[in-house]
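# Close look at the chain arrangement
Okay, here's what each chain looks like letter by letter:
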Amino acid sequence: MEISNNPQTYGLPAKFAQWYPWQKELIEFVLNSSKKFVVLSAPTGIGKTAVGMALANIMNCRTYYVVGTKNLQDQIEKEFSSMGVKTIRGRSNFGCVIEPSLTPEDCKFEQLTGNYRKCPAANVCFYFVQRNAAQKSRITVFNYAGAITSWNYTQGWGRAGLIIADECDQASDWLSNMIKIRFGYHDFAGHGYSFPGESLEEIKTMLFELHVKASEKLAELKKLDVKTATKEELVAMKRCNNLIRRLVFFETVYEDNWLLTHETKRDKRFWHISFEPIWSRKFGHMLYEHGEKAVFMSATPGSKEEFCFKLGLDPEEVDYIEVPSPFPVENRKIVYMPCGDMSMKYYQKNRSNMMAAIDNIISERLDQKGVIHTPSYSMAKDIAQMSRYGPYMFLVGQEDNKTEILQKFKNASPPSILVSPVHGRGIDLPDDECRFAIIPKVLWPDLGDEKVKRRLAERESWYSAQAVDAIVQAAGRIVRSASDWGTVYLLDTQVRRLLYQHPELWPLWFVEAMYELKGRSENGPEG
């Protein structure tokens, strides 16, 4: 199928007067694919949201569009309001019309009668008004947490003709977070238990007993009169329902190879325990089986093999396409400036070389602003303390207000440098807000995390894929349009190893922009 050269043919907002580079090709690729699953690897500047919305109108079917954050939901609803797009938010985002100190999660009519419509304010309930509008809309925008919850645990959401999962490189992480089962101190203390024990068998026994007690308590709470139930009783009932849902889910899906984690507060008082699988791929169906066709979009979905593995997809059932960057290569240079191996074993040995390179880069750009992406808070602090340009640096610490520091950096004049381990994705630093980025060390996943260690032991390629994804995402915070320009510097010699051991993990549009310090290398950085 070949589509029109005019986006207006498909009902897109007036500002989309013509297709951006590669949009038409991506849309036609999806339409001509016979596979249920299609992955679009498309870098910044392609306009992936417009691609998704055009597909929704061309296919003329109920469409669920999924993004990572509530802010993106709002942005899409505003930008494509002329197409009747609606967003859906969870109950906790709204206040109760009758009792403002409560939320629709605490609704006494739904909890005690099973029917929220018995509430005299049902027709104006903030949550249900927006939910009903979203269910009637042909195009509904979810965040990942809301999509997984709505499609699998609530009623009223029919099967979609099309699911579009934007930022799909994070889809498996969102899924993993939703599958993770947590039981907190108050879950136990509220039913007369203290710390549930250290051994797995002790904990499982106590969870079984907790289920019995919670069910008994809920049965008593359900005897409350809807006219006289207090706020405290309604909140207790909500917590009891939530606890039982988690216990039922645990009893249904838990397997012996799951991770068990104890987490305590600083005063060592028990806070919570959690159970989670090493991989969430077994639960991928919770995200994609609610539609006839699923389209996954990202600038960094990774290789087809790694992407399919993480979501439990059969590669034979997936079509995959990668398109070039629409930005000129000369505007988005990536300079490989090897300063030594920055792994833990060699970091102290090569740190002085790294700092000399960082200060040299900054010294030549004192009329510009830059960002240094680090893998940890400790390394960020190390750089800010050792650099002779420390006074110009906006250091992000673990306890700091990250959003506030980012805004201060954006408002600052050159020379200003943001030094951060947490701003490698999800932010825009266009034009003069940031002209250079330094990645001094490969952004490996944290081996202090037991799940990361287990995953590495089972699948080395996953560990490398996560590092490549982090590098490409961090590099992509600058140069946000075709007229924008900037330079990314990679200082760790482990980049070279990653490039040559796993060339399939790197987007071609990224590799084509790589230069050596001494000049352009068509084959990427050399040894």
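Described in the following lines is the structure provided in the data block.

Parameters at a glance
- By convention here, each chain's residues receive numbers from 1 onward along its written sequence.
- The predicted origin of the model limits local features to residues at a pLDDT of at least 70 and limits the giving and counting of side-chain atom pairs to 80 or more, whereas totals for whole chains, interfaces and linings rest on all residues.
- Computation of side-chain values: all heavy atoms of the structure, hydrogens and water removed.
- The helix count covers DSSP runs of H or I at least four residues long, the strand count covers runs of E at least two residues long, and both are numbered beginning at the N terminus.
- When DSSP finds two or more bridges between two strands, those strands count as paired.
- We call two residues in contact when some of their heavy atoms are within 4.5 Å.
- Lines are fitted to the C-alpha atoms to define the axes, a helix being fitted only along its stretch in contact, and any angle between axes, read from their N-to-C directions, falls within 0 to 180 degrees.
- To estimate how far a helix should reach, multiply one less than its number of residues by 1.5 Å.
- Burial classification: accessible surface area is computed with a 1.4 Å probe over protein chains only, and a residue below 20% of its type maximum counts as buried, one above 50% as exposed, and the rest as partly exposed.
- Aromatic pairs are defined between Phe, Tyr and Trp rings, using the six-membered ring for Trp, whenever the two ring centres lie within 6.5 Å; interplanar angles under 30 degrees are classed as stacked, those over 60 as edge-to-face, and all others as tilted.
- Nonpolar cores were defined as sets of buried Ala, Val, Leu, Ile, Met, Phe, Trp, Tyr and Cys residues, with membership established by side-chain atoms within 4.5 Å.

### Regarding unusual backbone geometry
Along the chain, Pro-414 connects to Pro-415 via a cis peptide bond; the corresponding omega equals -5°. Here Pro-415 lies in the loop between helix H15 (402-411) and strand E14 (416-420). Positive phi is not limited to glycine here, since Glu-167 has a value of about 50°. Its location among the elements puts Glu-167 in the loop between strand E5 (160-165) and helix H7 (171-179). The backbone of Val-479 sits at a positive phi, close to 60°, despite the residue not being glycine. Mapped onto the elements of the fold, Val-479 is located in the loop between helix H17 (460-475) and strand E16 (486-490).

### Description of the sheet that holds E5
Read across the sheet, seven strands follow the order E3-E4-E2-E5-E9-E1-E10 without closing on themselves; strand pairing throughout is parallel. Strand pairing shows two members of the sheet lacking a second neighbour, strand E3 (86-87) and strand E10 (318-322), which therefore form its edges. Bridge count for strand E2 (residues 63-67) against strand E4 (residues 139-143) is five bridges, and the pairing is parallel. Residue pairing across strands places Tyr-65 opposite Val-141, the latter belonging to E4. Packed on one face of the sheet, helix H3 (residues 70-79) meets E2, E3 and E4 and runs near 160° to E4. Against the sheet, helix H12 (residues 304-311) contacts strand E1 (37-41), strand E9 (291-298) and E10, and its axis sits at roughly 135° relative to E10.

### Examining helix H10 (residues 231-253)
Over its 23 residues, H10 runs 33 Å from end to end, which matches the ideal 33 Å to within 8%, given 1.5 Å per residue. Here H10 has its buried residues at Leu-234, Val-235, Met-237, Lys-238, Cys-240, Asn-241, Leu-243, Ile-244, Leu-247, Phe-249, Phe-250 and Val-253.

### A word on the packing of aromatic side chains
Scanning the model with the defined rule gives 29 aromatic pairs in all. Ring geometry for Tyr-116 versus Phe-128: centroids 3.5 Å apart, planes at 5°, classification stacked. With Tyr-116 in the loop between helix H4 (108-113) and helix H5 (126-136) and Phe-128 in helix H5, this pair connects stretches of sequence that are twelve residues apart. Judged by relative accessible area, Tyr-116 falls into the buried class, the value being 8%. Taking 6.4 Å as the distance between ring centres and 75° as the angle between the ring planes, the aromatic pair formed by Phe-183 and Phe-275 counts as edge-to-face. With Phe-183 in strand E6 (residues 181-184) and Phe-275 in strand E8 (residues 270-276), this residue pair connects regions lying 92 residues apart in the sequence. Classification of Phe-183 by relative accessible area gives buried; the value is 0%. The class for Phe-275 is buried, based on a relative accessible area of 0%. Ring pairing ties together the aromatic residues Phe-183, Phe-250, Tyr-254, Trp-258, Phe-275 and Phe-283, which thus form one cluster.

### So, the nonpolar core
Residues Trp-151, Phe-183, Leu-207, Phe-275, Phe-296 and Leu-313 are the most contacted members of the largest nonpolar core, which totals 58 residues. With ten residues, H10 is the largest single contributor of residues to this core. Grouped together as the second largest cluster of nonpolar side chains are 46 residues, Trp-279, Ile-405, Ala-467 and Val-472 included.

By themselves, these figures tell us nothing about what the structure is for.
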